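Geometric and topological summary
Here's the letter readout for the chains.
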Amino acid sequence: MKKVPERRCVICYESKPKKDLIRIVKPKDEGVSVDLTGKKAGRGAYICNSLECLEKAEKSNRFAKVFETEVDKKIYLELRDLIGSK
Ligand SMILES: [Zn+2]
């Protein structure tokens, strides 16, 4: 049986198939960005494709903690657009 690769959302800690999550990546020499291909090199984190998790992430600025760096607010806007369009 083929196993679907699962990743864990950094907000609700639920494991889900990769396609139900959005990857955020922090390449070594760049800022944090949304990784639409899921293949960008760097440290990655996943968030559910849900406004609920996004709002929690935004409120606590969770990605700044996850990546231990400052995160541009536009990341959250970008995610909001993405989630709203799916
Ligand atoms: Zn989640």
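Residues numbered from 1 in each chain as written. Predicted model: local features only at pLDDT ≥ 70, side-chain atom pairs only at ≥ 80, totals over all residues. Heavy atoms only, no water.

1. Re the pairing of strand β3 (residues 21–26)
By the criterion of burial, β3 is predominantly enclosed, with six of the six residues buried. Taking every second residue as pointing to the same face, both faces of β3 are buried, with Leu 21, Arg 23 and Val 25 on one and Ile 22, Ile 24 and Lys 26 on the other. Bridge analysis of β3 against strand β5 (residues 43–48) gives six bridges, and the strand direction is antiparallel. Looking at β5, one finds that Lys 26 is bridged to Arg 43. Both β3 and strand β4 (residues 33–35) contribute to a ladder of three bridges, which runs antiparallel. The residue bridging Val 25 from the neighbouring strand is Ser 33, located in β4. Counting the residues that bridge the hairpin from β3 to β4 gives six residues. (Buried < 20%, exposed > 50% of the residue type's maximum accessible area, 1.4 Å probe, protein only. Helix = DSSP H or I, 4+ residues; strand = E, 2+ residues; numbered from the N terminus. Pairing = 2+ DSSP bridges.)

2. Focus: the coordination of the zinc ion
Every protein donor of the zinc ion is accounted for by Cys 9 (SG), Cys 12 (SG), Cys 48 (SG) and Cys 53 (SG), and the metal-donor separations fall at 2.3 Å. Here the zinc ion binds four donor atoms, and the angle range of 103 to 117 degrees at the metal identifies the geometry as tetrahedral. The sequence pattern describing where the donors of the zinc ion fall on their chain is C-x2-C-x35-C-x4-C. With a gap of 39 residues between them, Cys 9 in the loop between β1 (6–8) and β2 (15–17) and Cys 48 in strand β5 connect regions that are remote in the sequence. For the pair shown, Cys 9 and Cys 48 are each scored as buried. (Donors = N, O, S within 2.8 Å, 3.2 Å for Na, K, Ca; no water. Tetrahedral: all angles 85-135°; square planar, octahedral: opposite > 155°, others 65-115°.)

3. Remarks on the side chain of Asp 35
Within the element layout of this structure, Asp 35 appears in strand β4. A residue is classified by how much of its surface remains accessible, and Asp 35, at 4% relative accessible area, is buried. One polar contact links Asp 35 to Thr 37, side chain to side chain, over a distance of 2.9 Å. In this structure the side chain of Asp 35 is engaged in a polar contact, spanning 3.1 Å, whose partner is the backbone nitrogen of Lys 39. Excluding its chain neighbours within four sequence positions, the residues that come into contact with Asp 35 are Arg 23, Ile 24, Val 25 and Lys 40. (Polar contact = N/O pair within 3.5 Å; in protein donor to acceptor, adjacent residues only side chain to side chain. Contact = heavy atoms within 4.5 Å.)

4. Some thoughts on the sheet that holds β3
The sheet built from three strands is open, its strands ordered β4-β3-β5 with antiparallel pairing. Either end of the sheet is taken by a strand with one partner, and the two such strands are β4 and β5. Strand-to-strand, the axes of this sheet are offset by a mean angle of 40 degrees, without reference to chain direction. Packing against the sheet, helix α3 (residues 74–85) makes contact with β3, β4 and β5, and its axis sits at approximately 30 degrees to β4. (Axes fitted to C-alpha atoms, helices over the stretch in contact; angles between N-to-C directions.)

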